[in-house]
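Structural overview
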Amino acid sequence: MKTYWRSILGDHLILNISVFLIITLLSSCQPEEYEQANIILVITDDQGYGDLGCHGNPYIKTPTIDEFSGEAVNFSNFHVSTTCAPTRGALMTGRHTNRLNVFHTISGRSLLFEDEVILPQVLAANGYSTGMFGKWHLGDNYPFRPEDRGFQEVVRHGGGGITQGPDYWGNDYFDDHYWHNSVPEQYEGYCTDVFFEEAMRFIEENKDGPFFCYISTNAPHGPLNISKEYVDLYAGVDEVPDKYKRFYGMITNIDDNFRRLREKMDALEITDNTILIFMTDNGTAGGNKVYDGGLRGKKGSEYEGGHRVPFMIRWPDGELTGGREIDKLVAHYDLLPTMVDLLGLEFTENKPLDGMSFKSLLDGDDDKWPNRILYMDTQRLQNLVKGRHYTVMDKDWRLVNGNELYNVTEDLGQTNDIYSEHPDVVERLAEGYELWWTSIMSEGPNERYAYIKAGTPYENPVRVSAHDMLTGNAGQSWHQYGAAQAAQAAGRWKIEIAEKGKYSISLRRFPRESGLAIDALFPAAEECYEVERSMPASTFDGFTKAFLYIADLKQNKNIAKGVEEVVFTANLSAGKFDMEARLLDEEGRMYPAYYIYIEKL
């Protein structure tokens, strides 16, 4: 069966049909009534291993998560990808992120291939209600949105962080607009508070279960926007610089919300039969400058501090309690097969998994756990490059970039390179890397692209941003602040016209919800204590032409003063196309159309 799936890899239509058939088959296998454990997965953004009191940090205030650690099963050797979207892709699929088109955080390489079967789809097919709240970062357009991928209730921001290009214009963490099941709505309060509040509403509505609730906070990802009361908790702590007082304050706010979540679970009397997981998505974004937890490196690093993160799991009915520590080597892509195994879910692989179930470890059977070799790298390019910022791991050793070797059992901080002393270990791990890389490339990740679909009933018009423009030199064009400052860049989007017909394609500098003209000038947003970094001023109004190329349409139009968008209309054939959409100034310098609306008329 696996050979069959590999043989058709890349045939988009057949694979989409296969996904549909697998999910339909799973649904048909379920009994009408059964009792199953609920799942709540909390994952925070840019919080590292050392950014918790229970991991030895003497400064940070995380009393609720510290207490939870003492009541849960803790994995002390748990690894993820080194940045945001790659971790989420692997977590959802059970497969390494390099196979998924999720080896970057922007530039069209953070859109999770639509032919991957992911965790919420598996759970929904097994009778679960599913909800996600917060950060998705695997695509903001059909067919990549969470509501397209098995989540039935969704409240999320756009892109990889609040204020980024796909996000609602002008969001700043406070009283923001978020997408609620594809429709933007304004919410009152701080982002983390909102996401937990909406999650708890979903939990209460589905308390009779089973349900899967995915709470994925934007915090403490920058900008470090947080109310003064949380920063003031660290007043007088001289060891924590002012910037990291804000970072720590955001984490303490998460801790407060985690307490509210646990109190809600107790009030609803669902604690015992709920699997509650706390983890983070990559190494710290800077907390290592205060306390590093004994690890070298931070977010984006191939060293241990870039990818070893907290992972705690508690399930009283499953006897997963007591503060036990497991030091076996496990990873994010092990979660899906573990949930399938732990809960006895019906699941048929449509592609080979990289992950394996760690149920035996949860059951206390550590002796049979194999000495696996795992691989993490930091790509962040348009195409995968062999040998780029990587680590090869087994239970004792780390081969870093092919020319450094550390025994992390004796040297967790990776300070003593003993590459020349253990050629046999180097050879074994290097051979593993070669085999793994061959496996990755056999799926053709550099030749495949994820196409945003236009002309479907699921999203019309389609709101596309420069965040997903394929380019090797994005600059700040992927961010709202880049649009405000007229950041230069050039590239293309991968667009699939789903149905032949007449389309309007509108090129804009600012999204429609902003109400701003292409040549709008405005001052920087008024400074306030809570917002570390706010919208910069727009000081450029020199756009004179708009250019669009897609399918057989290639056209320039002049930009009149005061217009919000330049509209092109054409009859387009169905198919997959590269699209170029540019704004130009009078000297011919190119800028992306930071926002594009594609509508089937």
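Keep in mind the model is a prediction, meaning the values are calculated, not measured.

**Points about the confidence of the model for the protein**
Averaged over the protein, the pLDDT score is 94; the fraction of residues at 70 or greater is 94%. pLDDT under 50 marks residues 1–18. Its contacts with residues more than four places away, or in other chains, come to 25 contacts. Per-residue pLDDT stays below 50 along residues 20–34; that stretch engages in 18 contacts with residues further than four places along the chain or on separate chains.

**A few points about the nonpolar core**
With 49 residues, the main nonpolar core has Trp-493, Leu-507, Leu-548, Ile-550, Ile-596 and Ile-598 as its most contacted residues. If we skip the residues at most four places from it in the chain, Ile-550 touches Ile-495, Ile-497, Ile-505, Leu-572, Phe-577, Asp-578 and Met-579.

**Remarks on unusual backbone geometry**
Residue Pro-220 follows Ala-219 across a cis peptide bond; omega there is 0 degrees. With omega at 5 degrees, the peptide bond leading from Asn-460 into Pro-461 counts as cis. Within the secondary structure layout, Pro-461 lies in the loop between β16 (452–454) and β17 (462–465). Even without glycine at this site, Thr-163 takes up a positive phi of about 95 degrees. Examined against the element boundaries, Thr-163 turns out to sit in the loop between β4 (153–156) and β5 (177–180).

**Points about the environment of Gly-575**
Inspection of the secondary structure assignment puts Gly-575 in strand β23 (residues 575–585). Its relative accessible area of 23% is what places Gly-575 among the partly exposed residues. The sequence separation of Gly-575 and Met-250 amounts to 325 residues, and the corresponding C-alpha distance is 45 Å. Setting aside chain neighbours within four positions, we find Gly-575 in contact with Ile-495, Glu-496 and Ile-497.

**Concerning the side chain of Gln-47**
Tracing the backbone shows Gln-47 in the loop between β1 (38–44) and α3 (63–71). A polar side-chain atom of Gln-47 sits 2.8 Å from a polar atom in the side chain of Thr-44. Within the local environment of Gln-47, its side chain forms a polar contact with the backbone oxygen of Asp-51, the two atoms lying 3.0 Å apart. Here Gln-47 is in contact with Leu-52, Pro-220, Ile-251, Phe-278, Thr-280, Asn-282 and Thr-284, once residues within four sequence places are set aside.

**Side note on the pattern of salt bridges**
What the rule picks out here adds up to 43 salt bridges. A salt bridge links Arg-428 to Asp-394, with the shortest nitrogen-to-oxygen separation between them at 2.9 Å. Of this pair, Arg-428 sits in helix α12 (residues 423–441) while Asp-394 sits in the loop between β13 (390–393) and β14 (397–400), placing them 34 residues apart in sequence. For Asp-394, a relative accessible area of 1% puts it in the buried group. When the shortest N-O distance is used, the salt bridge between Arg-512 and Glu-565 registers 3.1 Å.

Here is what the cut-offs are and how they apply
- Residues numbered from 1 in each chain as written.
- Predicted model: local features only at pLDDT ≥ 70, side-chain atom pairs only at ≥ 80, totals over all residues.
- Heavy atoms only, no water.
- pLDDT = per-residue confidence, 0-100.
- Contact = heavy atoms within 4.5 Å.
- Core = buried A, V, L, I, M, F, W, Y, C linked by side-chain atoms within 4.5 Å.
- Buried < 20%, exposed > 50% of the residue type's maximum accessible area, 1.4 Å probe, protein only.
- Helix = DSSP H or I, 4+ residues; strand = E, 2+ residues; numbered from the N terminus.
- Polar contact = N/O pair within 3.5 Å; in protein donor to acceptor, adjacent residues only side chain to side chain.
- Salt bridge = Lys/Arg side-chain N within 4 Å of Asp/Glu carboxyl O.

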